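Report on the structure
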Amino acid sequence: MSKLALTRRRLLQLAGAAAVTGAAGLGYVGKLEPAWVELRKITITLPGLAERLAGFSIAQISDIHHSRFTSADELLAAVTRVNQLQPDIVALTGDFVGHEARFAAGLIEPLRMLEPPAFAVYGNHDLWTDREAVRAALAETPVTILVNQNVEAAPGLTIAGLDDAWSGHPRPQAALAGSPSDYTNLLLCHEPDYIDTIRSQEVPVALQLSGHSHGGQVRLPSTQPDGLGLATRAPLLPHMATRYPIGHYRVGNHQLYTNRGLGVWPLPFRFNCRPEITHLILQPA
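As the structure is a computational prediction, the values presented were derived from the model and not from experiment.

In this fold, Glu 33 is placed in helix α1 (residues 3–35). Relative accessible area serves as the criterion here: at 1%, Glu 33 is assigned to the buried category. Between the C-alpha atoms of Glu 33 and Phe 271, which are 238 residues apart in sequence, the distance is 6.8 Å. In contact with Glu 33, not counting residues within four places along its chain, are Tyr 28, Arg 270, Phe 271, Asn 272, Cys 273, Arg 274 and Pro 275. Only 3.4 Å separates the side chain of Glu 33 from the backbone nitrogen of Arg 274, close enough to count as a polar contact.

The next subject is the pairing of strand β2 (residues 57–61). Summarising burial for β2: 5 of the 5 residues are buried, a large majority. Side chains Ser 57, Ala 59 and Ile 61 of β2 all project onto a buried face; the interleaved residues Ile 58 and Gln 60 project onto the opposite face, where all are buried too. With 4 bridges connecting them, β2 and strand β14 (residues 276–284) associate as antiparallel partners. What sits directly across from Ile 58, in β14, is Leu 280. Sheet topology places β2 next to strand β3 (residues 89–92); 4 bridges connect them, and they run parallel. Paired with Ile 58 across the strands is Ile 89, a residue of β3. The parallel pair β2 and β3 is bridged by helix α2 (residues 72–85), and the resulting crossover is right-handed.

Moving on: the sheet that holds β3. Taken in spatial order, the 6 strands make up an open sheet running β1-β14-β2-β3-β4-β5, and their pairing is mixed. Each having just a single partner strand, β1 (38–46) and β5 (143–145) make up the two edges of the open sheet. Strand-to-strand twist of the sheet, defined as the mean angle between neighbouring strand axes without regard to direction, takes the value 25°.

Okay, the pairing of strand β7 (residues 157–161) next. Regular strands place side chains that alternate from one sheet face to the opposite one. The element β7 is extensively covered by neighbouring structure, given that 5 of its 5 residues are classed as buried. In β7, alternate side chains face the same way, and those of Leu 157, Ile 159 and Gly 161 on one face and Thr 158 and Ala 160 on the other are all buried. By the bridge criterion, 5 bridges tie strand β6 (residues 149–154) to β7 in an arrangement that is antiparallel. Paired with Val 151 across the strands is Ile 159, a residue of β7. Hairpin geometry of β6 and β7 is characterised by an intervening segment of 2 residues between the two adjacent antiparallel strands and by a positive phi of about 95° at Gly 156. In terms of strand pairing, β7 meets strand β8 (residues 184–188) through 5 bridges, oriented parallel. Within β8, the residue paired with Ile 159 across the bridge is Leu 186.

For the structure shown, the criterion picks out 8 salt bridges. Ionic pairing is found between Glu 100 and Arg 102, a salt bridge with its closest N-O pair at 3.0 Å. Judged by relative accessible area, Arg 102 falls into the exposed class, the value being 59%. Between Arg 112 and Glu 109 there is a salt bridge; the shortest N-O distance is 2.7 Å. With Arg 112 and Glu 109 both in helix α3 (residues 108–112), this residue pair falls 3 residues apart, about one helical turn. By relative accessible area, Arg 112 is classed as partly exposed at 39%. A single salt-bridge network, built from bridges that share partners, covers Glu 38, Arg 260 and Glu 276.

Turning next to the packing of aromatic side chains. This model, assessed by the stated rule, comprises 3 aromatic pairs. Measuring from centroid to centroid gives 4.8 Å for Trp 128 and Trp 166, while their planes differ by 80°, and the two rings are edge-to-face. Here Trp 128 is found in helix α4 (residues 124–129), whereas its partner Trp 166 is found in the loop between β7 and α6 (172–175), with 38 residues between them in sequence. The class for Trp 166 is partly exposed, based on a relative accessible area of 33%. Taking 5.2 Å as the distance between ring centres and 75° as the angle between the ring planes, the aromatic pair formed by Tyr 244 and Tyr 249 counts as edge-to-face. The exposure classification of Tyr 244 matches that of Tyr 249, with both residues buried.

What counts and what doesn't
Residues numbered from 1 in each chain as written. Predicted model: local features only at pLDDT ≥ 70, side-chain atom pairs only at ≥ 80, totals over all residues. Heavy atoms only, no water. Helix = DSSP H or I, 4+ residues; strand = E, 2+ residues; numbered from the N terminus. Buried < 20%, exposed > 50% of the residue type's maximum accessible area, 1.4 Å probe, protein only. Contact = heavy atoms within 4.5 Å. Polar contact = N/O pair within 3.5 Å; in protein donor to acceptor, adjacent residues only side chain to side chain. Pairing = 2+ DSSP bridges. Right-handed = clockwise from strand over helix to strand, strands pointing away. Axes fitted to C-alpha atoms, helices over the stretch in contact; angles between N-to-C directions. Salt bridge = Lys/Arg side-chain N within 4 Å of Asp/Glu carboxyl O. Phe/Tyr/Trp six-rings, centres within 6.5 Å; stacked < 30°, edge-to-face > 60°.

Worth remembering: the numbers are spatial, not functional.
In structure tokens:
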């Protein structure tokens, strides 16, 4: 056999290996990781939290983006896992749909299965698509939408929700109107970077729960750890999610948790950034 034939055979082998590797990689980022939901449990210590609220738990889901990329069955699976946690409340921090209002109806049956009290805010995609369609769908479920308003989550604890910070009309002072001065205030706001406005306006929020960033969806290895000690970085992040894109932050006297989201958008890929359900346990300082 000639050297040329050997060279051609080797090239074919390398090309075949590259094709298989590429297909496996696409299968992982396009199928496996987007469906590989991580349950992340985190304890958050809040100064001023009443002792009787020690162990109060919140399950957070964000950025469902119900669409051709994220099915109702996937949402139902997440709801089932949330119910198994038996949290005191559930927080849903926006972007229920992608860009087609018809998918809002598919939220109804899975979210009807939620057992704990559930509270939600809109995200930018809900407003860009059809706020009314999302509102009508959620009205058929146990989920309470909070738009610049609050409710008592438990004696000593207020949960407030803002209108979407990017495309809506957030009014943080109105959102906390009537909350007793000795209560701990939790805030649902889709965009995490709005915590800087909360800080600058000295709004008495102990903890803000957000989503929006999807954690970047794709996170590449980095030689320089970020402020959270993560040795990864996201090449692309959306507006109002560039400063606090993933995980737990302390911002002045406030704390923030940014959930990586359940769905994907605009492309159905995740790499090194699994979808997330967060189980937050509150403890007094």
